[in-house]
Amino acid sequence: EPAWEHLRSGISFSNISADDLAFVYEITLVTSEVRKLFATHSTPRQVAAYVVQNLELHTLDLNNIRIYEPFAGAGAFLVSALRHLRDLLPSDWSDARCHRHLIKQISGDEIDPFACEVATLSLILADYPNHNGWRIGELDLFADANLETKLRASNVVVCNPPFEAFKAVEREKYENIDTTASKASVVLEKAIEACPDALGFVLPRSFILEDQFRKHRIQLEKNYSRIEILE
């Protein structure tokens, strides 16, 4: 809290980019304890932009796109989606109209309350000069049926999930999911089951070859006619 107050009083956020804010948060303000607790790891801006660009959102109905980022962190995917979608909107729309349209189409959830604030600020900065309205929820997605409910309400999913295995205390807490698998495996399986029109994931290298992801690879082939894997 003292570090954040110092930054807030010393930085004019109108003079910092959304990408720089996310970088400062992930490199400077995430303690080793928080990183271990929430399995925090960053999504490089270039990776997020590449994934969103290759989802071919222009082929979907722009009025009905619902982009969702679970485990949003600082919102790298959401910022990239905002920039990409805004370029697809009619050129004669005002900034205010674009903003009203986009806040209905883009949302995310994250368990770390500080990350929620940073993700919201990042979207505000990327959408300058419009004000807030972005929907970034503080939510434990592994609890109850939160992840399934959120995924089914969306038709485009972008995600860089936690990669770690579930801890012993988490295996007791989350009785509704298969905690013998890795967190990345569980999240990807739930996303595939939701059958969104487009799916973009950052995954551990084990996705390509290991047996724990075999059923995911098979189901992806059944669900999608175009798949790109970049190592």
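Here, the structure is the one placed above.
Residues numbered from 1 in each chain as written. Predicted model: local features only at pLDDT ≥ 70, side-chain atom pairs only at ≥ 80, totals over all residues. Heavy atoms only, no water.

Some remarks on the packing of aromatic side chains
Aromatic rings in a pair are described by how distant their centres are and how their planes are angled relative to each other. Evaluated as defined, the whole model comprises 5 aromatic pairs. Ring geometry for Phe142 versus Phe166: centroids 5.0 Å apart, planes at 70°, classification edge-to-face. Residue Phe142 is found in the loop between strand 3 (135-138) and helix 8 (146-152), and its partner Phe166 is found in the loop between strand 4 (156-159) and helix 9 (168-173); the two are separated by 24 residues along the sequence. Overall, Phe142 belongs to the buried group, its relative accessible area being 6%. Ring plane angle 70° and centroid distance 5.6 Å describe the contact between Phe207 and Phe213, whose orientation is recorded as edge-to-face. (Phe/Tyr/Trp six-rings, centres within 6.5 Å; stacked < 30°, edge-to-face > 60°. Helix = DSSP H or I, 4+ residues; strand = E, 2+ residues; numbered from the N terminus. Buried < 20%, exposed > 50% of the residue type's maximum accessible area, 1.4 Å probe, protein only.)

Quick word on the pairing of strand 3
In this structure, strand 2 (residues 106-110) lies alongside strand 3, joined through 4 bridges in parallel fashion. Paired with Glu110 across the strands is Glu138, a residue of strand 3. For the crossover from strand 2 across helix 7 (residues 113-126) to strand 3, the handedness is right-handed. (Pairing = 2+ DSSP bridges. Right-handed = clockwise from strand over helix to strand, strands pointing away.)

Let's talk about the packing of helix 4 (residues 45-53) against helix 5 (residues 76-88)
The relative placement of two packed helices comes down to the angle between their axes together with the axis-to-axis distance. Put simply, helix 4 and helix 5 touch, their axes get as near as 9 Å, and they point 50° apart. As the angle between them shows, helix 4 and helix 5 are arranged oblique. In the crossing of helix 4 with helix 5, the sense of the turn from one axis to the other is right-handed. Contacts between helix 4 and helix 5 involve Arg45, Ala48, Ala49, Val51, Val52 and Gln53 on the former and, on the latter, Ala76, Phe77, Ser80, Ala81, Arg83 and His84. The residue inventory of the contact of helix 4 with helix 5, partitioned by class, reads 7 nonpolar, 3 polar and 2 charged. (Axes fitted to C-alpha atoms, helices over the stretch in contact; angles between N-to-C directions. Parallel < 35°, antiparallel > 145°, perpendicular 65-115°, else oblique. Left-handed = near helix turned anticlockwise from the far one by under 90°. Contact = heavy atoms within 4.5 Å. Nonpolar A, V, L, I, M, F, W, Y, C, P; charged D, E, K, R; others polar.)

Focus on the pattern of salt bridges
In the structure shown here, the tally under the stated rule is 9 salt bridges. Note that Asp127 is salt-bridged to Arg86, the shortest N-O span being 3.6 Å. Separated by 41 residues along the polypeptide, Asp127 in the loop between helix 7 and strand 3 and Arg86 in helix 5 bring together distant segments of the chain. Among the salt bridges present, the one from Lys190 reaches Glu148, with a minimum N-O distance of 3.1 Å. With Lys190 in helix 10 (residues 183-194) and Glu148 in helix 8, this pair connects stretches of sequence that are 42 residues apart. Assigned by exposure class, Lys190 and Glu148 land together as buried. (Salt bridge = Lys/Arg side-chain N within 4 Å of Asp/Glu carboxyl O.)

A word on the sheet that holds strand 4
Ordered by their spatial adjacency, 5 strands build an open sheet running 3-2-1-4-5, and the pairing between neighbours is parallel. The open sheet terminates on both sides in strands that have one partner only, identified here as strand 3 and strand 5 (198-201). For this sheet, the mean angle separating the axes of adjacent strands, direction not counted, is 15°. Bridge count for strand 1 (residues 67-69) against strand 4 is 2 bridges, and the pairing is parallel. Opposite Ile67, over in strand 4, you have Val156 as the bridge partner.

Looking at a nonpolar patch on the surface
Together, Ile208, Leu209, Ile227 and Ile229 line one region of the surface with nonpolar side chains, adding up to about 400 Å² of accessible area. Within the secondary structure, Ile227 is located in the segment after helix 11 (214-223). Look at Ile227 and you get partly exposed, because its relative accessible area is 43%. (Patch = residues over 30% accessible without salt bridge, like charges linked within 9 Å, V, L, I, M, F, W, Y side chains within 5 Å. Areas by Shrake-Rupley, 256 points an atom, 1.4 Å probe, with all protein chains shown as cover.)

Thoughts on helix 5
For helix 5, spanning 13 residues, the distance from its first C-alpha to its last is 19 Å, which sits close to the expected 18 Å at 1.5 Å a residue. Buried residues of helix 5: Ala76, Phe77, Leu78, Val79, Ser80, Ala81, Leu82 and Leu85, and no others. (Expected span 1.5 Å × (residues − 1).)

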